[in-house]
Amino acid sequence: MLPGPKLDRIDLKILAKLQEEGRITNVELADAVGLSPSPCLTRVKRLEKAGYISGYGAHINFSKLGEVLTVFTEVTLSEHRQGDFSRFESRIVKIDEIVECHMVSGGYDYLLKFAARGVSHYQSIMESMLASDYGIEKYFSYVVIKSPFIKHHFPIQNLLGQN
């Protein structure tokens, strides 16, 4: 993806505020970032068009729906050619229960985050992956016991030295 337009401190404030409150009205957003509504909306539309804002969504409280098991899994592939990584990634993206995938440095290749109905559901997914041609040499599972907090936003202004 090509870099978008250069962002100023107001653009960063808009992005930070929208991360925290995706349902904020344009009038409230404009007030929060020190703009009038029309220029604020113009900036939001420009940020959307440039791909800085990739979508809007709701954060679901899954504990209200029932038990959901979160498992982080370290995966090491048996081969390390570019095609092996591409094949693995193209196959796991199709597994709905894998909600995050990160290629990492260190002692393993990928860190996956699973959301499953329970341990047996998670294990059946892993067994299916091992029986198929995913190229997995080994994996280690870490079942989440408790999540004291989950932040759904990044500290944009801190990360970009704008604070």
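Under an unreviewed UniProt entry, the protein chain has the name DNA-binding Lrp family transcriptional regulator and belongs to Novosphingobium hassiacum.

A. Examining the side chain of D109 more closely. Within the fold, D109 resides in the loop between β2 (98-103) and β3 (110-116). Salt bridges are absent for the buried D109, whose nearest opposite-charge side chain, K138, sits at 9.0 Å. Polar side-chain contacts of D109 include one of 2.8 Å to the side chain of H80. Ignoring any residue separated from it by four or fewer positions in sequence, one finds D109 in contact with V75, T76, L77, H80, F85, H102, M103 and V104.

B. Looking closely at the layout of surface pockets. Empty space within the largest pocket amounts to approximately 810 Å³. Lining the largest pocket are 23 residues, with F62, T70, K113, S147 and I150 positioned closest to its centre. Broken down by secondary-structure element, the contributors of at least two residues to the lining of the largest pocket are β1 (69-77), β2 and β3. Its residues assigned to classes, the lining of the largest pocket comprises 12 nonpolar, 7 polar and 4 charged. Here the second largest pocket is characterised by a volume of approximately 620 Å³. Lining the second largest pocket are 22 residues, with L15, L18, Q19, G55 and H152 positioned closest to its centre. The biggest single contributor to the lining of the second largest pocket is helix α1 (residues 9-20), with 5 residues.

C. Local environment of a nonpolar patch on the surface. Together, I60, F62, L65 and V68 give the surface a local cluster of nonpolar side chains, amounting to about 400 Å² of exposed area. With respect to the helices and strands, the residue V68 is situated in the loop between α3 (37-49) and β1.

D. Fine view of the nonpolar core. Ranked by internal contacts, the top residues of the largest apolar core, which has 19 residues, are F88, L112, F114 and M129. Put simply, the parts of the chain that give this core at least two residues each are β1, α4 (82-92), β3 and α5 (119-131). Look past the residues within four positions of L112 in its chain and what remains in contact with it is V71, F72, T73, V75, F88, I92, I98, E100 and C101. Counting 14 residues, the second largest nonpolar core, distinct from the first, contains L12, L18, A30 and V44.

E. View of the domain arrangement of the protein chain. Domain parsing of the protein chain yields domain 1 (9-58) and domain 2 (62-143). With centres defined by C-alpha atoms, the gap from domain 1 to domain 2 works out at 34 Å.

F. Representation of α4 within the structure. Where α4 is concerned, the buried positions are D84, F85, F88 and I92. Looking down the long axis of α4, one finds its buried residues gathered within 95 degrees of arc, a one-sided arrangement. Next to the buried residues of α4 lie β1, β2, β3, α5 and β4 (136-143).

G. Seen up close, the side chain of T76. Structurally, T76 can be placed in strand β1. Overall, T76 belongs to the buried group, its relative accessible area being 10%. With sequence-adjacent residues up to four places away left out, T76 is seen in contact with G107, Y108, D109, G135, I136, E137 and K138.

H. Spatial organisation of the UniProt feature "domain: HTH asnC-type" (unreviewed entry) in the protein chain. Mapped onto this numbering, the UniProt entry annotates "domain: HTH asnC-type" (unreviewed entry) at residues 7-68. Secondary structure content for residues 7-68 is 53% helix and 0% strand, while the C-alpha to C-alpha distance between its ends is 39 Å.

I. How the structure looks around the sheet that holds β2. Taken in spatial order, the 4 strands of this open sheet run β2-β3-β1-β4, and their pairing is antiparallel. The sheet terminates laterally at β2 and β4, the two strands that pair on one side only. Strand-to-strand twist across the sheet, computed as the mean angle between neighbouring axes with direction ignored, equals 20 degrees. The pairing of β2 with β3 spans 5 bridges and is classified as antiparallel. Bridged to M103 within β3 is Y110. Strands β1, β2, β3 and β4 of the sheet are contacted by α4, whose axis makes an angle of about 15 degrees with β3. Sheet contacts for α5: β1, β2, β3 and β4; angle to β4, the most-contacted strand, approximately 170 degrees.

What counts, and where the lines are drawn
Per chain, the residues get numbers from 1 upward, laid out in the order the sequence is written. Only residues with pLDDT of at least 70 get local features here, since the model is predicted, and only at 80 or more are side-chain atom pairs given and counted; chain-wide, interface and lining totals rely on the full set of residues. Side-chain metrics rest on all non-hydrogen atoms present in the structure, leaving aside hydrogens and water. Secondary structure elements follow DSSP: runs of H or I of four or more residues count as helices, runs of E of two or more count as strands, with numbering from the N terminus. Burial classification: accessible surface area is computed with a 1.4 Å probe over protein chains only, and a residue below 20% of its type maximum counts as buried, one above 50% as exposed, and the rest as partly exposed. We treat Lys and Arg as the positive residues and Asp and Glu as the negative residues; His and chain ends play no part in the count. What makes a salt bridge here is a side-chain nitrogen of Lys or Arg within 4 Å of a carboxyl oxygen of Asp or Glu, nothing more. For the purposes of these results, a polar contact is taken to be a pair of N or O atoms within 3.5 Å, where, inside protein, one atom must be able to donate a hydrogen and its partner to accept one; residues adjacent in sequence count only when each atom of the pair is a side-chain atom. In this description, contact between two residues means that some pair of their heavy atoms is separated by no more than 4.5 Å. Method remark: on a 1 Å grid restricted to protein atoms, a set of points is classed as a cavity if a 1.4 Å probe fits but cannot get out and as a pocket if it is open with protein on both sides within 12 Å along at least five of seven lines; lining residues have an atom within 4 Å of a point. Grid points are joined across faces, edges and corners, and a volume is the space filled by probe spheres set on the points. Polar here means any residue outside two lists: the nonpolar Ala, Val, Leu, Ile, Met, Phe, Trp, Tyr, Cys and Pro, and the charged Asp, Glu, Lys and Arg; Gly therefore counts as polar. Here the term patch refers to residues with relative accessible area over 30% and no salt bridge, with like charges joined within 9 Å and nonpolar side chains (Val, Leu, Ile, Met, Phe, Trp, Tyr) within 5 Å. We get accessible surface area from the Shrake-Rupley algorithm with a probe of 1.4 Å; when it comes to residues, only the shown protein chains can shield them. By convention a nonpolar core is built from buried Ala, Val, Leu, Ile, Met, Phe, Trp, Tyr and Cys residues, the set being connected through side-chain atoms within 4.5 Å. Domain boundaries shown here were taken from an automatic or database domain assignment. Note: the arc covers the axis-to-C-beta directions of the helix. UniProt positions are given in the numbering used here, feature names are shortened, and annotations may be inferred rather than shown by experiment. DSSP bridges decide pairing: two strands pair if at least two such bridges lie between them. Angular values range over 0 to 180 degrees, each being the angle between N-to-C directions of two axes fitted as lines to C-alpha atoms, with helices fitted over their stretch in contact.

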